[in-house]
Amino acid sequence: MNYRIGHGYDIHRLVPDRPLVLGGVKFDTDYGLDGHSDADCLTHAICDALLGAAGLPDIGHFFPDTDPAYKNADSQVLLRRVVAEITKLGYNISNLDATVIAEKPKLAPRLAAMKAALAKSAGLLPDEIGLKATTNEGVDDIGRGLAIAAHAVALLSRR
Ligand code: MG
């Protein structure tokens, strides 16, 4: 068995009057992440971890933020496309693990829903995805609630 590990990181600024979507789950807030797509930084970090593990170029290569096709795009659609790309190369996803760094909103009550949405898009079982949330302890712009960041790792296997 050939194993490949990948890492992904993403950050987006929080702005008023944008929908907040993380891990494919919409939150009931009056602020959201700014970006060309739905700006779901958790899903973007997972996409980059998967692409990195497969030795493919990053998410910006596949879904350029200059392409109107991806304006307000649902990042679960992007994740499904990424999974199709790595599947074409013969890889299976063994597991994903991710951490979201956010001062607000409280993510813990929605972690199970986020896992379920990501599992559906990635073709995994929810227990094949690790998902944690932490704050930035008031440090830097993330700690002041001005941005949300996410880290992810992915393990791929190929016979
Ligand atoms: Mg992004």
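Heads up: the structure comes first, above all this text.
For strand β5 (residues 92-101) and strand β6 (residues 129-134), the ladder comprises 6 bridges, and the chain directions are parallel. When the sheet's bridge partners are listed, Ala98 is paired in β6 with Leu131. At this point the chain moves from β5, through helix α4 (residues 111-122), to the parallel β6, and the crossover so formed is right-handed.

With 13 residues, helix α1 (residues 41-53) ought to run about 18 Å at 1.5 Å a step, and its terminal C-alpha atoms sit 18 Å apart, in line with that. The buried fraction of α1 amounts to 12 of the 13 residues, a majority that puts the element mostly inside the structure. Turning to α1, its buried residues are Cys41, Leu42, Thr43, His44, Ala45, Ile46, Cys47, Asp48, Ala49, Leu50, Leu51 and Ala53. Two residues or fewer past α1, Gly55 is found with a positive phi of approximately 75 degrees.

We now examine the pattern of salt bridges. One pass over the full model with this rule turns up 5 salt bridges. Linking Lys88 and Glu85 is a salt bridge whose minimum nitrogen-to-oxygen distance equals 3.4 Å. Of this pair, Lys88 and Glu85 both sit in helix α3 (residues 75-88), 3 residues apart, roughly one helical turn. The buried category is assigned to Glu85, whose relative accessible area is 14%. When the shortest N-O distance is used, the salt bridge between Arg144 and Asp141 registers 3.2 Å.

Next up on the list: the packing of α1 against α3. Taken N-terminus to C-terminus, the directions of α1 and α3 make an angle of 10 degrees; their axes are 10 Å apart at the nearest point. Between α1 and α3, the crossing angle belongs to the class labelled roughly parallel. Where α1 approaches α3, its residues Thr43, His44, Ile46, Cys47, Leu50 and Leu51 are matched on the opposing element by Ser75, Gln76, Leu78, Leu79, Val82, Val83 and Ile86. Of the residues belonging to the contact of α1 with α3, the class tally is 9 nonpolar, 4 polar and no charged.

On to the layout of surface pockets, then. Of the pockets and cavities examined, the largest pocket occupies roughly 230 Å³. Its residues assigned to classes, the lining of the largest pocket comprises 5 nonpolar, 6 polar and 1 charged.

This part is about the coordination of the magnesium ion. Donor atoms from the polypeptide that bind the magnesium ion are Asp10 (OD), His12 (NE2) and His44 (ND1), placed at 2.1 to 2.3 Å. Donor residues for the magnesium ion sit on one chain with the sequence pattern D-x1-H-x31-H. Given a relative accessible area of 17%, Asp10 falls into the buried group.

Reading the values: rules and limits
- Note on numbering: residues in each chain are counted from 1, in written sequence order.
- Totals for whole chains, interfaces and linings use every residue, but because this is a predicted model, local features are given only for residues with pLDDT of at least 70 and side-chain atom pairs only at 80 or more, for both listing and counting.
- Hydrogens and water molecules were not included; the side-chain quantities draw on all heavy atoms of the structure.
- By this definition, two strands are paired if DSSP reports at least two bridges between them.
- Every helix listed is a DSSP run of H or I at least four residues long, and every strand listed is a run of E at least two residues long, numbered separately from the N terminus.
- A clockwise path from the first strand over the helix to the second, with the strands pointing away from the viewer, defines a right-handed crossover.
- Working rule for helices: expected span equals 1.5 Å times residues minus one.
- The rule is simple: take the accessible area with a 1.4 Å probe, protein chains only, and divide by the maximum for that residue type; under 20% is buried, over 50% is exposed, in between is partly exposed.
- By definition, a salt bridge exists where a carboxyl oxygen of Asp or Glu is found within 4 Å of a side-chain nitrogen of Lys or Arg.
- Axis lines are fitted to C-alpha atoms, over the contacting stretch for helices. Their N-to-C directions set the angle, which ranges from 0 to 180 degrees.
- When describing relative orientation, an angle under 35 degrees is termed roughly parallel and one over 145 degrees roughly antiparallel, while 65 to 115 degrees is termed roughly perpendicular and anything else oblique.
- By definition, residues are in contact when any of their heavy atoms lie within 4.5 Å.
- Any residue outside Ala, Val, Leu, Ile, Met, Phe, Trp, Tyr, Cys, Pro, Asp, Glu, Lys and Arg is labelled polar, Gly included; the first ten of those are nonpolar and the last four are charged.
- Buriedness of a pocket was judged along seven lines, with at least five required to meet protein on both sides within 12 Å; pockets are open sets of points on a 1 Å grid over the protein atoms alone, cavities are sets where a 1.4 Å probe fits but cannot get out, and lining residues have an atom within 4 Å of a point.
- Grid points are joined across faces, edges and corners, and a volume is the space filled by probe spheres set on the points.
- For Na, K and Ca the donor cutoff is 3.2 Å, while for all other metals N, O and S atoms count as donors only within 2.8 Å; water does not appear among the atoms, so some sites may look incomplete.

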